[in-house]
Amino acid sequence: MADSKREIERKYEATADTRLPDLSRVAGVFTVAHRGVTELDAVYYDTEDLRLAADSLTLRRRTGGSDAGWHLKFPVASGIRDELREPLSDTLPPSFAGLLRSRVRDRGLVPVVRLVSARDVHHLLDAEGALLAEVSVDRVRAERLTAGAGTAAWTEIEAELADDGDPAFLDAVERRLRKAGIRPSASPSKLSRALAETAPKQRKSPAGRGKSPAGRTRQKPTSGDHVLAYIRHQTEAIVALDPAVRRDLPDSVHQMRVATRRLRSALRTYRKILDRDATDPVGAELKWLAAELGIDRDQEVLDARLRARLAELPRTLVLGPVRGRLRIWSAATRGGSRRRTVAVLDGKRYLALLASLDALLAAPPLLPAAARAPGRELPRAVLKEYGRLADRTGRALELAPGHDRDLAVHEARKAAKRVRYAAEAARPALGKPAGRFAKRMKAVQSLLGDHQDSVVARETLRTLAVQAHAAGEPAFTWGLLYGREEAIAAARERELPEEWRRASRPRLRAALEG
């Protein structure tokens, strides 16, 4: 696993004549230590069509300085990136290749820019000599390494917060720099500036070409425009979350699975807008991916639920090595599911799915309804899903408690999720009514989801009780937890009629229809 650190930095415009102000006057700074000038030589890699740069990712091989090696940076927020590091080598580290796979696909990585920097480093230290931030004046020379190569040179100031530092400290540094007339850079990174300033010059189009005729008004977005925008957004989310899943970042599997389900739901709900002959095969592959991601995600949710229920018990009711058995069970199941998830992302089937989504967006199979106004088509699709939910909920409420009712409630939960996703997809077009409708559907989905989680938890608790009994351990605590989950499921079943009544008020449906 590559070394990782959170990089929090800010960049400022400078010239060859710019001098740093006295930064020892920044609150909290006891002394400023000059560390001299370091020569840095970095080659940045990307696909020929700059896919990494388009998503603000940075891949470089750098020599010089204390952190020579391969660096891969993922954006987190403005001025904040996660930087992964691997030792210096002649070829791209395999770990980085995996993290970039969802974006690079079958395209090769080539050198696109070389940056040679003379970095004049200053350390801002507190009274104990601890590093608060590093401020450097960088004199940069950029060279484009692809066709139509150009060069550029500039000077900038970079302030990077020390590890585990308070980001507010950079605010104090910035106030001091601004007081000296130094302003923030217009470019978020050296690479983005280098790409912009070394790009081949574009020939100007003949006068008038490419301009809209005078007086022509922009056409209003159609139903197809809204649905395709939603599909594009979810597709981008899957691609962006791929590296996070591989890095095992918190909630990443869940978010990727949600994006997959939302995408599949949109293809099914809006089949009057997109030809299902083209979208059904894609939907089938999305179902496969969601199921594979579910192995890891469901295990994660179940593990958290069982630990929380156990923590609620008084110590006097925890008999035998319950926590140890739960820990062993969790490690065994979680480790295997995670390895399987990564294997899925490394497989050809997953890459083929991403390619099919690209193809669908490039040449969408639009039906005549796609050209109609969204206020007409989108509510109709959402309410059709709502009708399916109403049927399934009514069927579940008619059944007696037991296995058949559990299955019916689970089917209603899946229908509630589709209604919610359909309303969320329609919200940009329909506004607040769709948002309120989605919120109500989410409440129903959450209640039904808690019921289903209880059903799954009881199955696992019974298995753990059997294992404990076979090993000569007390099974009392497992039975107690089973009983509590049974009570939770019964409570959710009692709450369902009232929650459904609130969610099915006619005025909500009327508002959605406009």
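Conventions used here
Residues numbered from 1 in each chain as written. Predicted model: local features only at pLDDT ≥ 70, side-chain atom pairs only at ≥ 80, totals over all residues. Heavy atoms only, no water. Helix = DSSP H or I, 4+ residues; strand = E, 2+ residues; numbered from the N terminus. Buried < 20%, exposed > 50% of the residue type's maximum accessible area, 1.4 Å probe, protein only. Contact = heavy atoms within 4.5 Å. Lys, Arg positive; Asp, Glu negative; His and termini not counted. Charge placed at Lys NZ, Arg CZ, Asp CG, Glu CD. 1 Å grid on protein atoms, 1.4 Å probe; cavity = no way out; pocket = protein on both sides within 12 Å on 5 of 7 lines; lining within 4 Å. Points joined across faces, edges and corners; volume = space filled by probe spheres on them. Nonpolar A, V, L, I, M, F, W, Y, C, P; charged D, E, K, R; others polar. Pairing = 2+ DSSP bridges. Axes fitted to C-alpha atoms, helices over the stretch in contact; angles between N-to-C directions. Parallel < 35°, antiparallel > 145°, perpendicular 65-115°, else oblique. Left-handed = near helix turned anticlockwise from the far one by under 90°. Core = buried A, V, L, I, M, F, W, Y, C linked by side-chain atoms within 4.5 Å. Salt bridge = Lys/Arg side-chain N within 4 Å of Asp/Glu carboxyl O. pLDDT = per-residue confidence, 0-100. Phe/Tyr/Trp six-rings, centres within 6.5 Å; stacked < 30°, edge-to-face > 60°. Expected span 1.5 Å × (residues − 1).

**A few points about the overall build of the protein chain**
In terms of regular secondary structure, the protein chain is built from 15 helices and 8 strands. By its C-alpha atoms, the protein chain is 80 × 70 × 45 Å across when sized along the principal axes. Looking at the protein chain as a whole, 47% of its 514 residues are labelled buried. The contacts in the protein chain between residues at least 6 apart in sequence include a share of 74% that link residues at least 24 apart. Of the side-chain charges in the protein chain, 93 are positive and 69 negative, and the distance between the mean point of each set is 6 Å.

**Some points on the layout of surface pockets**
Taken as a whole, the largest pocket spans an internal volume of roughly 1,200 Å³. As for the largest pocket, its lining consists of 36 residues, of which Arg257, Arg261, Arg413, Lys414 and Lys417 are closest to the centre. Listed by contribution, the elements that provide at least two residues to the lining of the largest pocket are α7 (252-269), α8 (276-312), α11 (374-398), α12 (403-430) and α13 (432-470). Here the residues of the lining of the largest pocket are counted per class, giving 8 nonpolar, 8 polar and 20 charged. Considering only enclosed or pocket space, the second largest pocket measures out at about 640 Å³ in volume. Secondary-structure elements contributing two or more residues to the lining of the second largest pocket are β1 (3-14), β2 (31-46), β3 (58-63), β5 (80-86), β6 (110-125), β7 (131-144), β8 (151-161) and α5 (190-197). Taken together, the residues of the lining of the second largest pocket sort by class into 10 nonpolar, 7 polar and 18 charged.

**A few points about the environment of Ala381**
Structurally, Ala381 is set in helix α11. Sequence separation of Ala381 and Arg268 is 113 residues, and the distance between their C-alpha atoms is 9.8 Å.

**Let's talk about the environment of Arg492**
Locating Arg492 in the fold gives a position in helix α14 (residues 476-503). By relative accessible area, Arg492 is classed as partly exposed at 22%. Spatially, the C-alpha atom of Arg492 lies 58 Å from that of Arg176, the residues being 316 residues apart in sequence. When sequence neighbours within four positions are dropped, the list of residues in contact with Arg492 reads Leu447, Asp450 and His451.

**A short note on the sheet that holds β6**
Sheet strands associate in pairs through backbone hydrogen bonding, adopting either a parallel or an antiparallel arrangement. Pairing is antiparallel around the closed barrel formed by 8 strands, whose spatial order is β1-β5-β4-β3-β2-β6-β7-β8. Put simply, the sheet's adjacent strands are angled 35 degrees from each other on average, direction ignored. In this structure, β2 lies alongside β3, joined through 4 bridges in antiparallel fashion. Bridged to Tyr44 within β3 is Arg60. The strands touched by helix α4 (residues 168-179) are β1, β6, β7 and β8; relative to β1, the strand with the most contacts, the crossing angle is about 15 degrees.

**Concerning the packing of α8 against helix α10 (residues 348-362)**
Orientation of α8 relative to α10, taken along the N-to-C sense of each, is 140 degrees, at an axis distance of 10 Å. The orientation of α8 with respect to α10, classified from their angle, is oblique. By crossing handedness, the relation of α8 to α10 is classed as left-handed. Residues Thr279, Val282, Glu285, Leu286, Trp288 and Leu289 of α8 touch α10, and the partners they reach there are Arg349, Tyr350, Leu353, Ser356, Leu357 and Leu360.

**Here's the deal with the nonpolar core**
With 62 residues, the main nonpolar core has Ile231 and Tyr270 as its most contacted residues. For this core, the leading source of residues is α12, giving 12 residues. Apart from residues no more than four positions distant in its own chain, Tyr270 is found in contact with Val227, Leu378, Ala381, Val382, Ala422, Ala425 and Ala426. Counting residues in each nonpolar core, the second largest holds 19 residues, with Tyr12, Leu161, Phe169 and Leu170 among its members.

**A word on the side chain of Arg458**
Mapped onto the elements of the fold, Arg458 is located in helix α13. Put simply, Arg458 is tucked away with no salt bridge, and the nearest opposite charge, on Asp406, sits 4.3 Å away. Once you skip the residues sitting within four places of it in the chain, Arg458 turns out to touch Asp406, Tyr482, Glu485, Glu486 and Ala489.

**Describing the confidence of the model for the protein chain**
Per-residue pLDDT for the protein chain averages 91, and the proportion of residues at 70 or more is 94%. Throughout residues 204-210 the model reports pLDDT below 50, and contacts reaching past four residues in sequence, or to other chains, amount to 0 contacts.

**Thoughts on the packing of aromatic side chains**
What the rule picks out here adds up to 3 aromatic pairs. Ring geometry for Tyr45 against Trp70: centres 5.4 Å apart, planes inclined by 40 degrees, an arrangement best described as tilted. Taken together, the residues Tyr45 in strand β2 and Trp70 in strand β4 (residues 69-77) connect sequence positions 25 residues apart. Residue Trp70 is classed as buried on the basis of its relative accessible area, which comes to 2%.

**So, unusual backbone geometry**
Backbone geometry at Ser56 places phi at a positive 60 degrees, although glycine is not the residue there. Here Ser56 is to be found in the loop between α1 (51-54) and β3. Since its relative accessible area comes to 44%, Ser56 is described here as partly exposed. The phi dihedral of Asp248 is positive, around 60 degrees, even though this residue is not glycine. Positionally, Asp248 belongs in the loop between α6 (223-246) and α7. Residue class for Asp248 comes out partly exposed when judged on its relative accessible area of 37%.

**What about the pairing of β3?**
In terms of strand pairing, β3 meets β4 through 5 bridges, oriented antiparallel. Of the residues in β4, the one forming a bridge with Arg61 is Trp70. Taking the residues between adjacent antiparallel strands as the criterion, β3 and β4 are bridged by 5 residues, where Gly64 takes a positive phi near 90 degrees.

**Notes on α7**
Taking 1.5 Å of rise per residue, the 18 residues of α7 would be expected to cover 26 Å, and the 25 Å separating its terminal C-alpha atoms lies within 8% of that figure. Burial of α7 is extensive: 13 of the 18 residues sit out of reach of the surface.

**Observations concerning the pairing of β6**
Where burial is concerned, most of β6 is hidden: 12 out of the 16 residues are buried. With 15 bridges connecting them, β2 and β6 associate as antiparallel partners. Bridge pairing in β6 links Gly36 to Val121. Sheet topology note: the β6/β7 ladder contains 13 bridges and is antiparallel. Each bridged residue has a counterpart across the sheet, and for Val113 the counterpart in β7 is Arg144. Hairpin connection of β6 to β7: 5 residues between the antiparallel strands, including Gly129 at a positive phi of 85 degrees.

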